[in-house]
Amino acid sequence: MQTTKLKQMILNAQFAVIIAIIAQITIPLGPIPLTGQTFAVGLAATILGGWNSMIAVCIYLLMGLIGVPVFAGFSAGISALLGPTGGFLIGFIFNALATGWILEKTKFNLPWGILANLAGALITLLFGTIWLKYGTGLDWQAAFTGGFIPFIIPGILKALLAAFCGIAIRRRLAKGSYLTD
């Protein structure tokens, strides 16, 4: 029992680091860059499930909060969490929880993985757009145009990729008894 808990804690911490590494894949796209963070969060949720992926995301956010440069573009600190893109970062918590929860309540397979990751990506975009509106004083149309619309197609692509990769990796990890259900 203790060994299983320790394995899961180590896996959660490893995924926090994986998110931090993949977050550095950045494509500049206006004021809000297109990053690998959303893909990494979906990947973690597809592999770890809801609670454990949420823990991994929280570890990732705490690392950034205390100054470890883990956010996109090697940024960190409270200003990253409270700035215009902070809502996307906070949204990752709920993305991970929802994506993993959907998979836990249904089945860890490709169709459900795709649906769960699309739902998680939508959650991140909603959090980011709402935060952008209130954090910058933009009107709804400007926030939606700047924080949602440009990221729909990339979000769909990242969700599909996270589902494909996540389900494949999860199957491999389950065979090696690295995952606890």
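Residue positions are counted from 1 within each chain, in the order its sequence is given. With pLDDT at 70 or above as the cut-off, local features in this predicted model cover only qualifying residues; side-chain atom pairs require 80 or more to be listed or tallied, and sums for whole chains, interfaces and linings still use all residues. Each side-chain value is derived from all of the structure's non-hydrogen atoms; neither hydrogens nor water enter the calculation.

UniProt positions are given in the numbering used here, feature names are shortened, and annotations may be inferred rather than shown by experiment. Taken from the UniProt record, the annotation "transmembrane region" (unreviewed entry) applies to residues 9–27, 33–51, 86–103, 110–132 and 144–169. Helix makes up 74% of residues 33–51 and strand makes up 11%, while its end C-alpha atoms are separated by 28 Å. A run of H or I in DSSP becomes a helix once it reaches four residues, and a run of E becomes a strand once it reaches two; helices and strands are each numbered from the N terminus. The span residues 110–132 is 100% helix and 0% strand, and its two end C-alpha atoms sit 32 Å from each other.

Interhelical geometry of helix α5 (residues 86–105) versus helix α6 (residues 110–136) gives an angle of 155 degrees and a closest axis separation of 7 Å. Compared by their axis directions, α5 and α6 come out roughly antiparallel. Considering how the two elements wind past one another, α5 and α6 form a crossing that is right-handed. Think of it as three bins: nonpolar holds Ala, Val, Leu, Ile, Met, Phe, Trp, Tyr, Cys and Pro, charged holds Asp, Glu, Lys and Arg, and polar takes everything else, Gly as well. Looking at the contact of α5 with α6 residue by residue, the class counts come to 15 nonpolar, 11 polar and no charged. For helices, the fitted line uses only the C-alpha atoms of the stretch in contact; every axis is such a line through C-alpha atoms, and the angle between N-to-C directions lies from 0 to 180 degrees. Here the word oblique covers every angle except those under 35 degrees (roughly parallel), over 145 (roughly antiparallel) and from 65 to 115 (roughly perpendicular). By convention the crossing between two helices is left-handed if the near helix lies anticlockwise of the far one by an angle smaller than a right angle, and right-handed if it lies clockwise.

What follows concerns the packing of aromatic side chains. Pairs were defined over the aromatic rings of Phe, Tyr and Trp, the Trp ring being its six-membered one, requiring ring centres within 6.5 Å. Orientation was assigned from the angle between planes: stacked under 30 degrees, edge-to-face over 60, tilted for the rest. By the definition in use, this model includes 5 aromatic pairs. Measuring from centroid to centroid gives 4.7 Å for Phe94 and Phe127, while their planes differ by 10 degrees, and the two rings are stacked. Linking Phe94 in helix α5 with Phe127 in helix α6, this pair joins segments that are 33 residues apart in sequence. Its relative accessible area of 37% is what places Phe94 among the partly exposed residues. Only protein chains enter the accessibility calculation, which uses a 1.4 Å probe; a residue is then buried when its area is under 20% of its type maximum, exposed when over 50%, and partly exposed in between.

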